[in-house]
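Remarks on the overall topology
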Amino acid sequence: MPDPIHQFEVKRLFPLEIFGVDATFTNSALFMVAGVLLSFGLLMYASRGRSLVPSRMQSVAESVYEFVAGMVRDSMGEQGMKFFPLIFTFFMFILTLNMLGMIPGFFTVTSQIWVTAALAILVFLTVIVVGFAKNGLGFLKLFVPDGVPIYVLPLVSLIEVISFFSRPLSHSLRLFANMLAGHITLKVFAGFIIMLLGAGGAASAIAPLPLLAVLGITALEFLVAFLQAYVFTMLTCMYLNDALHPGH
Amino acid sequence: MTEPVTTGTEVPHGGTADKVFPPLDPSTVSPQLVWLAITFVALYFLLKKIAIPRIGGVIEERQNRIQRDIDAAERLKDEIDGAMRTYEKSLADARGNATAIARTTQEKLSAEVDRERAEVEAATAKKLADAEARIAETKRKALSSVGDIASEIAGPVVKQLTGKDVSADEVKRALTAGAGE
């Protein structure tokens, strides 16, 4: 049976060192660069006409733009639009890398915990910096919800603090685990087909069953690839909304 | 995955990557994060400086254009409403004028008809009166003739019956006396 974990191996393509830091160009880096070029290139290509009546491609680019802009407006209001470039970058980056990973043989950058953790920590730090810059110490009101009786307030505050600091964990693990599990499942079911065919006889006869499963799971994984990009972006919006309006 | 873990993992290099669960391999942290930072920042600036202004600009321009068109449409609608009101006003005026003209014409006509009828009636009444007067005259004449004839006949009749000659005056006196009774 083919190793379902093999696909997540980071391969060193050529060694590189920047200021003494190991910056080896890996297949992961290759796909990050490809994702950036692809997402930026597609948006630019789609909007090249800049026409008042959009072409099909242009309306796709505009739909993506409006989708993320709507998300930002709905969660943070009009003042959240100054974070729109950041949110849009998160969405495009994760969506493109998730989708690239769906192509057989391609590397899925978002199934690397270090990558998703770094993205989640970036969100976490942005929330803290923006929160204190906007509200000063008023940002700490985030941990003191309104209308809570004074005798349970310490407990509630403790829970709020714990939930706040566990955000980057759940934020990064959700994306990482979804992508990882999906790709392992696909690989395992695809492996079943080969194993059953190799076994010959009656076992070969039921080989189409895992094939059907792979078909279904592939469709599901495309949905997950989009959904996880959406969920990551949506949560980023909600966390940033806390930074803008800590008073709940 | 079941091979024993070798002791060479403290120096991160590619050869030992499959000894740990690859997605969690700590030796890949540095190269991945360096390139994540490079690519993410690059994408951020590419989108912020080029793609977002471009797409957002088109969307904004379209909205402005639509707003302009809506404004123009509203202005035209106001104009149409104004023209419609003017039209309705002049229609009402014309209708009022028409009614007034019709009424005066009718009044004029009926006055004329009344006058003519009165004239005709007057003429007819005069003719009737003349005719009645003529009939009365004729009747009177006829009745007086009857007296003359009677007196003319009465003389011979009396002579014949009585053999007496009576003068015309006596006959007449007798007749008028008889008629006077």
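Before reading further, recall that the structure is shown in the block above.
Scope of this entry: the structure provided in the associated data block.

The rules behind these values
Residues numbered from 1 in each chain as written. Chains lettered and ligands numbered in written order. Predicted model: local features only at pLDDT ≥ 70, side-chain atom pairs only at ≥ 80, totals over all residues. Heavy atoms only, no water. 1 Å grid on protein atoms, 1.4 Å probe; cavity = no way out; pocket = protein on both sides within 12 Å on 5 of 7 lines; lining within 4 Å. Points joined across faces, edges and corners; volume = space filled by probe spheres on them. Helix = DSSP H or I, 4+ residues; strand = E, 2+ residues; numbered from the N terminus. Nonpolar A, V, L, I, M, F, W, Y, C, P; charged D, E, K, R; others polar. Salt bridge = Lys/Arg side-chain N within 4 Å of Asp/Glu carboxyl O. Buried < 20%, exposed > 50% of the residue type's maximum accessible area, 1.4 Å probe, protein only. Phe/Tyr/Trp six-rings, centres within 6.5 Å; stacked < 30°, edge-to-face > 60°. Lys NZ or Arg CZ within 6 Å of the ring centre and 35° of its normal. Patch = residues over 30% accessible without salt bridge, like charges linked within 9 Å, V, L, I, M, F, W, Y side chains within 5 Å. Areas by Shrake-Rupley, 256 points an atom, 1.4 Å probe, with all protein chains shown as cover. Lys, Arg positive; Asp, Glu negative; His and termini not counted. Charge placed at Lys NZ, Arg CZ, Asp CG, Glu CD.

1. A short note on empty space enclosed by the protein
All names here are of chain A. Taken as a whole and assessed by the stated rule, the structure comprises 1 cavity of 30 Å³ or more. The space that makes up the largest cavity amounts to roughly 40 Å³. Mapped onto the lining of the largest cavity, the elements with two or more residues apiece are α4 (113–135) and α6 (167–199). Per-element accounting of the lining of the largest cavity gives the leading share, 4 residues, to α4. Looking at the lining of the largest cavity residue by residue, the class counts come to 7 nonpolar, 1 polar and 1 charged.

2. Let's talk about the pattern of salt bridges
A side chain of one charge can pair with a side chain of the opposite charge when the charged atoms of the two come close. By the definition in use, this model includes 9 salt bridges over all chains. Linking D242 of chain A and R167 of chain A is a salt bridge whose minimum nitrogen-to-oxygen distance equals 2.5 Å. Of this pair, D242 of chain A sits in helix α8 (residues 208–244) while R167 of chain A sits in helix α6, placing them 75 residues apart in sequence. Exposure class is identical for D242 of chain A and R167 of chain A. Each is buried. With a closest N to O distance of 3.5 Å, K89 of chain B and D93 of chain B form a salt bridge. You can see K89 of chain B and its partner D93 of chain B sitting in helix α1 (residues 29–162), 4 residues apart, about one turn around the helix. For D93 of chain B, a relative accessible area of 41% gives the class partly exposed.

3. Some thoughts on the packing of aromatic side chains
Residue and element names in this part refer to chain A. For the coordinates displayed, the defined rule picks out 23 aromatic pairs over all chains. Here the aromatic rings of F91 and F226 are separated by 6.4 Å at their centres, their planes lie at 90°, and the arrangement is edge-to-face. Within this pair, whereas F91 is found in helix α3 (residues 84–101), its partner F226 is found in helix α8, the two being separated by 135 residues in sequence. Look at F91 and you get buried, because its relative accessible area is 2%. Exposure remark for F226: the relative accessible area of 30% places this residue in the partly exposed category. Cluster of aromatic residues (ring-pair linked, three or more members): F124, F132, F139, F143, F164 and F165. The ring of Y45 has R48 sitting right over it, with the charged end atom 4.1 Å from the ring centre.

4. Overview of a negative patch on the surface
Together, D71, E74, D78 and E79 of chain B line one region of the surface with negative charge. Within the secondary structure, E79 of chain B sits in helix α1.

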